[in-house]
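Spelled out, the chains give:
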Amino acid sequence: MKRILVITSREIFPIWGGDRLRIFNICKHLSKTHILDLVSLTDNKNFNYKNCPELTEVFKNSHSIYHSHKKAIANVLTGFWKPRSVQEYFYKNKELFKHIDSVKSNYDFVLCHLFRMEQYLHGFPEEQCVVELTDSLAMNYNRLRLNHLHSLLETLYFLEKKKVLKREVQIVNKYPKCCIISQNDKDYLVAHGAESSHLFLFNNGVDVGNFPNCYSDKYSNTIVFIGNIRAQHNLTACLFFSEKVMPLMRKNVREIKFKLIGNIHQKALNALSAFPYNEVTGGVENIGENVGEPLCAVCSVQSGAGIQNKILEYFALGIPVVSSSIGAEGLHPEAVENILIADSPIEYVHAIEKLQKSPILRKEMSNKGIQIAREHYSWYAKLTGYEKLF
């Protein structure tokens, strides 16, 4: 049984968003065979892990360090022209460096969550480090197009893509144990010079038992999106569907509605709520109790990397799925076959109308989705072997 220090750039509880979900389940898995301590940055002065009793079964000790947003922005402004990426400068914190330096002798291994936190591995032998990359951020950024940038943040990502790729490859080549979420992400990094033998593949999972079956034979006029809408790629996906797809849908079915569930900033909530056919719930404690019995669920992402956990949750909920090609990447072939693929607005309309007209198809996709989630995507099955990296 090894002592492991886990380092994250944000508090991992409460769990919302794919990154938090993944690292929590990784740590939950590792805690069965190892002793884990957690240290995280937080931009919330009032946050304290002592208020998160759910973590005591996973971590022996949990510690958070306040990271001022103003300080983070100042770091970015001073580091923009330097070799490291903006993300790395954004999460640079002197107090965290000091804390890790004072405790590192207590640990056999360190687990670093996301490439932005690799800077805190200084002083640890490389063979004692595991870097949880999750996905290739560079592949995500490379999919952004100059004439389709929706915000200042996406513009920054676009400008950063070459620097991020260089850093990801450097990190993989430096550390012999780096973990990645999908074969697509691994192939992308290897194609750009990363050492293949340093990349270990662990897909995401879903706990089917935590989700109710939301399928219904009754007619529904609701399309649902579930995800962390604070994430730029999810916000862009929701805006695309609201602006481009829903007006076309309503030409034929006036009462059709778009329900968006997930954590969201106030500005984005205001923008999405402005569409008369949208219902924006914000974050909810229990997805199953709030999703209802929708016609289908969409994953309309235009950029991204890794595996879209929302699709696994749609499967577990028994909701038929319509997804972009990018959204369906990295999934088991049987899972992809159970998704209606759509990329253009009219393709989304045709796919959703197909589901409207065929209760039999909806039922088949619902049953198959639950089966796929249960047989191919249990967290235990997907993370088995992770513990052997330590």
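The structure under discussion appears in the preceding block.
Report on the accompanying structure. A quick note: this is a predicted structure, and the numbers were derived from the prediction, not measured.

About the thresholds
Residues numbered from 1 in each chain as written. Predicted model: local features only at pLDDT ≥ 70, side-chain atom pairs only at ≥ 80, totals over all residues. Heavy atoms only, no water. Buried < 20%, exposed > 50% of the residue type's maximum accessible area, 1.4 Å probe, protein only. Helix = DSSP H or I, 4+ residues; strand = E, 2+ residues; numbered from the N terminus. Pairing = 2+ DSSP bridges. Axes fitted to C-alpha atoms, helices over the stretch in contact; angles between N-to-C directions. Contact = heavy atoms within 4.5 Å. Core = buried A, V, L, I, M, F, W, Y, C linked by side-chain atoms within 4.5 Å. Phe/Tyr/Trp six-rings, centres within 6.5 Å; stacked < 30°, edge-to-face > 60°. Lys NZ or Arg CZ within 6 Å of the ring centre and 35° of its normal.

**Digging into the pairing of strand E4 (residues 109-113)**
Counting buried positions over the 5 residues of E4 gives 5, a clear majority of the element. Burial along E4 is two-sided: Phe109, Leu111 and His113 and Val110 and Cys112, pointing in opposite directions, are all buried. Note: strand E1 (residues 3-8) against E4, 4 bridges, orientation parallel. Paired with isoleucine 4 across the bridge in E4 is phenylalanine 109. Alignment of E4 against strand E5 (residues 129-134), held across 4 bridges, turns out to be parallel.

**Here's the deal with the sheet that holds strand E8 (residues 222-226)**
Ordered by their spatial adjacency, 6 strands build an open sheet running E10-E9-E8-E11-E12-E13, and the pairing between neighbours is parallel. In this open sheet, the two strands that pair with only one neighbour each are strand E10 (278-282) and strand E13 (339-341). This sheet shows a mean twist of 25° between the axes of neighbouring strands, independent of strand direction. Sheet strands in contact with helix H11 (residues 309-317) are E8, strand E11 (296-299), strand E12 (321-323) and E13, and its direction is about 130° off that of E8.

**Quick word on the nonpolar core**
Grouped together as the largest cluster of nonpolar side chains are 66 residues, with contacts concentrated most on Ile223, Phe241, Leu272, Val322, Leu331 and Ile352. Broken down by element, the residue count for this core peaks at 9 residues, all from helix H8 (residues 232-252). The residues contacting valine 322, other than those within four sequence positions of it, are Cys296, Ala297, Val298, Cys299, Leu340, Ala342, Tyr348, Ala351, Ile352 and Leu355. Residues Phe124, Met139, Leu189 and Ala305 belong to the second largest nonpolar core, which totals 37 residues.

**Examining the environment of lysine 218**
Turning to its location among the elements, lysine 218 is positioned in the loop between strand E7 (199-201) and E8. Residue classification places lysine 218 among the exposed residues on the basis of a relative accessible area of 65%. In this structure, the C-alpha to C-alpha distance between lysine 218 and leucine 137, residues 81 residues apart in sequence, is 41 Å.

**A few points about the packing of aromatic side chains**
Scanning the model with the defined rule gives 10 aromatic pairs in all. A centroid spacing of 5.6 Å and a plane angle of 85° characterise the contact between phenylalanine 109 and phenylalanine 390, whose relative ring orientation is edge-to-face. With phenylalanine 109 in strand E4 and phenylalanine 390 in the segment after helix H15 (379-383), this pair connects stretches of sequence that are 281 residues apart. Of the two residues examined, phenylalanine 109 and phenylalanine 390, each falls in the buried class. Across from the ring centre of tyrosine 377, 5.0 Å away, lies the NZ or CZ of lysine 382, which sits over that ring.

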